[in-house]
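Examination of the molecular architecture
As a plain string of letters, each chain reads:
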Amino acid sequence: MTQPPPALTFSVLTLFPELLRPFAAEALLGKAQARGLVQVQLRDLRQWSGNRHHKVDDTPYGGGAGMVIRVDVVARALDALRAEQPVDEVVMLTPAGQTFRQADAEAWAAQGGHWVILCGRYEGFDARVERLVTREVSIGDFVMMGGEAAAACIMEAVARLVPGVLGDQASHEDDSFSSGLLDYPEYTRPPVWEGEGVPEVLQGGHHGAIAGWRRTQALARTLERRPDLLPTAGLTPQDSAELLRLGATPEQLTGWNAPEPPASKPPRRKRKAAADPV
Ligand code: JD8
């Protein structure tokens with residue numbers, strides 16, 4: 001029997017493939033690859049340096065600290081990957097990118113195909129690399145030393161949503177951020193620990209009562225910790241009534257007074273086709 005190709009392939013271009021090797025091999029990603037659902041290829045950018053010293057960076061024009069990764073090196077690497085296998089998306093990881101969210105993980109997993117992820121180091125890439133990519137992504141408003149840790153986060157978030165990767169498909173329907181709310185609290189044995197018991201309702205086996213308690217807990221925790229999520233959480237009229245009872249203001253449910261969320265439609269670049277010669 002011939003196997004279908006993986007639904008999703010990540011080719012990670014990095015100066016430190018060994019940083020990501022154990023991550024790609026372990027747990028979720030390892031199993032998904034073993035089952036042929038997802039593929040992770042780690043590719044050393046130095047392979048395309050074009051010089052015997054494997055040097056891929058140079059000093060910044062205009063001066064300043066640090067080094068910048070050369071655009072010609074990245075272009076050669078992408079050409080080589082394309083010659084092996086058609087590429088659908090090229091993602092540059094950068095603190096200046098659009099923030100990666102659960103909605104993006106869902107969209108990338110549904111789209112599938114071959115995704116190249118560019119991980120920079122040092123001061124990042126020559127600005128002209130922007131012409132070679134379809135997306136620029138950040139994982140959040142904090143500064144890291146390079147893109148590898150961000151690539152690990154993104155690959156894990158996307159791979160678990162590829163059909164068949166998670167054993168229980170229902171289990172990501174109640175994920176926080178998919179439901180739009182934070183998760184309700186979970187408990188396991190022992191039933192009492194250091195004087196703190198497990199809520200009685202969870203030990204009663206009344207499934208309706210348990211579902212109602214969990215929804216209330218998810219609403220209360222979201223109101224307490226992440227009220228910014230409420231306006232887009234897809235609240236039912238019953239949820240809204242419950243939140244008002246929990247002390248939410250009507251403004252917190254509609255967000256009319258909240259700061260603007262970041263733009264949800266990022267500029268999305270597809271590589272421009274070469275102009276036809278006349
Ligand atoms: C890629 C180089 C380091 C970038 C000076 C120190 C993502 N959420 C995120 N935070 N940081 C990154 C990230 C940082 C990177 C590179 C991603 C490549 N650096 C830099 C510019 C300024 N430093 C990130 N995704």
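Residues numbered from 1 in each chain as written. Predicted model: local features only at pLDDT ≥ 70, side-chain atom pairs only at ≥ 80, totals over all residues. Heavy atoms only, no water.

Counting 30 residues, the largest nonpolar core has Val40, Leu93 and Val158 as its most contacted members. Listing elements by their share of this core, those giving two or more residues are β1 (8-14), α1 (17-25), α2 (27-34), β2 (38-44), β5 (89-99), α4 (102-111), β6 (113-118) and α5 (148-159). Per-element tally for this core: the top contributor is α5, with seven residues. Apart from residues no more than four positions distant in its own chain, Val158 is found in contact with Leu8, Phe10, Phe100, Ala105, Trp108 and Ala109. Within the second largest apolar cluster, 21 residues are counted, among which are Trp48, Val56, Ala77 and Met92. (Core = buried A, V, L, I, M, F, W, Y, C linked by side-chain atoms within 4.5 Å. Buried < 20%, exposed > 50% of the residue type's maximum accessible area, 1.4 Å probe, protein only. Helix = DSSP H or I, 4+ residues; strand = E, 2+ residues; numbered from the N terminus. Contact = heavy atoms within 4.5 Å.)

The next subject is the packing of aromatic side chains. Across all of its chains, the model carries two aromatic pairs by this definition. Ring geometry for Phe100 and Trp108: centres 5.0 Å apart, planes at 75°, overall edge-to-face. In terms of burial, Phe100 and Trp108 fall into one category: buried. In textbook terms, an aromatic cluster arises when at least three aromatic residues are bridged by ring pairs, as seen for Phe100, Trp108 and Trp115. (Phe/Tyr/Trp six-rings, centres within 6.5 Å; stacked < 30°, edge-to-face > 60°.)

So, about the site of the ligand. In the neighbourhood of the ligand, 19 residues make up the surrounding shell, with Leu93, Ser138, Gly140, Phe142 and Met144 lying closest. The contact in question runs from a nitrogen atom of the ligand to an N or O atom on the backbone of Ile139, over 3.4 Å. In the environment of the ligand, a nitrogen atom lies 2.7 Å from a nitrogen or oxygen atom belonging to the backbone of Phe142. For the ligand, the accessible surface in isolation is 540 Å², of which the surrounding protein chains cover 84%. Those elements that place two or more of their residues in the shell around the ligand are β5 and β7 (135-138). (Near = heavy atom within 4 Å. Polar contact = N/O pair within 3.5 Å; in protein donor to acceptor, adjacent residues only side chain to side chain. Areas by Shrake-Rupley, 256 points an atom, 1.4 Å probe, with all protein chains shown as cover.)

With that settled, consider the environment of Pro250. Turning to its location among the elements, Pro250 is positioned in helix α8 (residues 250-254). On the accessibility criterion, Pro250 (52% relative accessible area) is exposed. Sequence spacing of Pro250 and Ser240 is ten residues, and the spatial spacing of their C-alpha atoms is 8.6 Å.

This next bit is on the UniProt feature "binding site: S-adenosyl-L-methionine" (unreviewed entry) in the protein. Mapped onto this structure's residue numbering, the UniProt feature "binding site: S-adenosyl-L-methionine" (unreviewed entry) falls at Gly120, Ile139, Gly140, Asp141, Phe142, Val143 and Met144. Inspection of the secondary structure puts Ile139 in the loop between β7 and α5. Apart from residues no more than four positions distant in its own chain, Ile139 is found in contact with Met144, Ala150, Cys153 and Ile154. Topologically, Met144 is positioned in the loop between β7 and α5. Among residues more than four places away in sequence, those in contact with Met144 are Ile139, Ala149 and Ala150. (UniProt positions renumbered as here; feature names shortened; annotations may be inferred.)

At a minimum axis separation of 8 Å, α4 and α5 run at an interaxial angle of 65°. Taken together, the axes of α4 and α5 are roughly perpendicular relative to one another. In this structure, α4 crosses over α5, and the sense of that crossing is right-handed. On α5, the residues that touch Ala105, Trp108 and Ala109 of α4 are Ile154, Ala157 and Val158. Of the residues assigned to the contact of α4 with α5, the class counts are six nonpolar, no polar and no charged. (Axes fitted to C-alpha atoms, helices over the stretch in contact; angles between N-to-C directions. Parallel < 35°, antiparallel > 145°, perpendicular 65-115°, else oblique. Left-handed = near helix turned anticlockwise from the far one by under 90°. Nonpolar A, V, L, I, M, F, W, Y, C, P; charged D, E, K, R; others polar.)

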